[in-house]
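One letter stands for each residue in the lines below.
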Amino acid sequence: MTDTSANIIKFPEDFLWGVSASHFQIEGYPTEVESRLSDWSRWTEEEGRILDGSNADRACEFHKRYLDDIELIGELNLKAYRTSLNWAALMPEAPGTAVSERQFAPLVVEYYRDLFSRLKEKGIKVFVTLFHFCLPDWLAEEGGWTSERIADEFEVFAALARKHFGDLVDYWMTVNEPMAYIYQGYVAGNWPPGASHDYLGAFVTIRSMLAAHARAYHALKGGDEAVQVSFANHWRPFAPERKWSPLDLMVTHYRERVFNHIFPESIDAGGLKIPAPLSGRKEFRELEGEIAGLKKSMDFLAVNYYTRELSRFDLSWPPDLFGTRSNRADYPVNGLGWEVYPEGFYRVLTSDINPYLTDIKGRQRPVFVTENGFATLFSPELSGGDWSLSDRERCDYLISHLVVLKKAIEAGVNIKGYLHWSLTDNFEWSEGLTPRFGLVRVSYEDQVRKLRESAELYSKIAAANALETIDR
Ligand code: NOJ
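Calculation rules
- Residues numbered from 1 in each chain as written.
- Predicted model: local features only at pLDDT ≥ 70, side-chain atom pairs only at ≥ 80, totals over all residues.
- Heavy atoms only, no water.
- Phe/Tyr/Trp six-rings, centres within 6.5 Å; stacked < 30°, edge-to-face > 60°.
- Helix = DSSP H or I, 4+ residues; strand = E, 2+ residues; numbered from the N terminus.
- Buried < 20%, exposed > 50% of the residue type's maximum accessible area, 1.4 Å probe, protein only.
- Lys NZ or Arg CZ within 6 Å of the ring centre and 35° of its normal.
- Pairing = 2+ DSSP bridges.
- Axes fitted to C-alpha atoms, helices over the stretch in contact; angles between N-to-C directions.
- Contact = heavy atoms within 4.5 Å.
- Salt bridge = Lys/Arg side-chain N within 4 Å of Asp/Glu carboxyl O.

Next up on the list: the packing of aromatic side chains. Enumeration over the complete set of coordinates arrives at 49 aromatic pairs. Centre to centre, the rings of Trp17 and Tyr418 are 6.2 Å apart; their planes meet at 65°, and the pair counts as edge-to-face. Taken together, the residues span a long stretch of sequence, with Trp17 in strand β2 (residues 16-20) and Tyr418 in strand β15 (residues 415-420) at a distance of 401 residues. Neither Trp17 nor Tyr418 differs from the other in exposure class; each is buried. For the ring pair Phe154 and Phe157, a centre distance of 6.0 Å and an interplane angle of 65° mean the geometry is edge-to-face. Of this pair, Phe154 and Phe157 both sit in helix α8 (residues 150-165), three residues apart, roughly one helical turn. Residue classification places Phe157 among the buried positions, given a relative accessible area of 0%. Over the ring of Tyr341 we find Arg308, and its NZ or CZ is 4.6 Å from the ring centre. The ring of Trp387 carries the charged tip of Arg441 above its face, separated from the ring centre by 4.1 Å.

It is worth spelling out the sheet that holds strand β13 (residues 367-371) at this point. Strand order in the closed barrel formed by eight strands is β2-β3-β4-β5-β6-β10-β13-β15, and the pairing between neighbours is parallel. The average angle at which neighbouring strand axes cross in this sheet is 25°, direction not considered. Where β2 and β15 come together, four bridges link them in parallel fashion. Looking at β15, one finds that Leu16 is bridged to Gly417.

Relative to the elements of secondary structure, Asn414 occurs in the loop between α14 (392-410) and β15. Its relative accessible area of 19% is what places Asn414 among the buried residues.

Among the eleven residues in helix α9 (residues 178-188), nine count as buried, and that is most of the element. For α9, the set of buried residues is Pro178, Met179, Ala180, Tyr181, Ile182, Gln184, Gly185, Tyr186 and Val187. Tucked into the core, α9 has its buried residues touching β4 (125-131), β5 (171-176), α10 (199-221), β6 (228-235) and α11 (246-269). A positive backbone phi angle near 75° is found at Gly189, which sits one or two residues after α9.

Now for the pattern of salt bridges. Summed over all chains, the structure comprises 41 salt bridges. Salt-bridge contacts for Glu286 lead to Lys282; the nearest nitrogen and oxygen are separated by 3.0 Å. Asp330 is paired through a salt bridge with Arg308; the nearest N and O atoms lie 3.3 Å apart. Residue Asp330 is found in the loop between β12 (324-325) and α13 (342-352), and its partner Arg308 is found in the loop between β10 (301-305) and β11 (309-312); the two are separated by 22 residues along the sequence. A relative accessible area of 42% means that Asp330 is categorised as partly exposed. For Arg308, a relative accessible area of 10% puts it in the buried group. Here the residues in one salt-bridge network are Arg58, Glu61, Lys64 and Arg65, joined through shared partners.

See below:
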């Protein structure tokens, strides 16, 4: 006979439960779509860029349906919501005016103010990212993150964001997953600007994003210590594909240092250091050095975690970031082939983030998990019926990751909240609408939302502030 007993895992009293999203993946913002105001909106028009041939023109029509979606967030007992600002719609035209005279488009301001106010009315904390992978097209045309003006422009954007939304936002993030963006846009070529193996472009962008982050950090705070600003880092534990191979171990080490650590390390140090072997080249070394206002410009840690990466040494040309990502999987995978690896989440929370736990005054930085989730694959054409409402794998993913999160809290990590990616299915960048990350299913044809089992489960966990697990 098997012994079956239930364990109740309680979370700290003020623990925040929420969901996370980004504007482009859900909004279908009319002016952006009609006039192709962002680089991403244009990118989706290019033949072959999006794996399933879909685009984000409608996405979840969040722009029209946000009142209903806020209701859903409330019904699910959630108290935190993260999204990003649509920079392209807020600043649709190339600036002809002096920096000090720049304005946001009034209708777009109205929309975001209404969204954030309604969330606040329901007691939902608002987390806002400034840059979640989309640039205004006029800025992308000028070179985007490699343009000389980018830090000035980002600072203006941040200052206006503070002016219009500062009273409604609880936590700001300047940039989302900079290394995922840089890898896809400058190395893999899957995202705008579509460069491939452009390592110099990648490192120029690292430097300019750090400089822009610093400027935006101070613009958002506006001298007010209480304003909370950070950036969201994608954490991915790296492991060698062949444990016995010194070459795999070496590339694992390089990839991990660059991908996980280059941003938080540079922020705490106040400047950029180029890793070996690139530091051997003059044009890379010239990017090194102090960055004004950068030191310790991070008030909390925003952790995005999905999976780990197995790395292997690879001699093919041109080289990937010092090696290659292996296709091998030692654990069950999600629809995108990403290993389900909660042990890695524990490692990130209790060890990888350790160097960054204290702020400029030596206080413990609060830690928020700002993304974590599981993808299944269903074609965008599906509507009606009961497809995918039973999502046992997502439920298991959620539970196993929350179990280790609680263990990390017990181990002393100052984790204050967990925001699941995502409330609804949405546009997964170059993978299109097929990967479904939603607790809530969206049938794109009629835009009907239906709760999956995972939504019911998550809602119970949030209401009880506790998780029940069964030992067999
Ligand atoms: C990270 C990104 O921030 C988000 O945009 C993306 O959809 C999820 N991960 C899932 O890949």
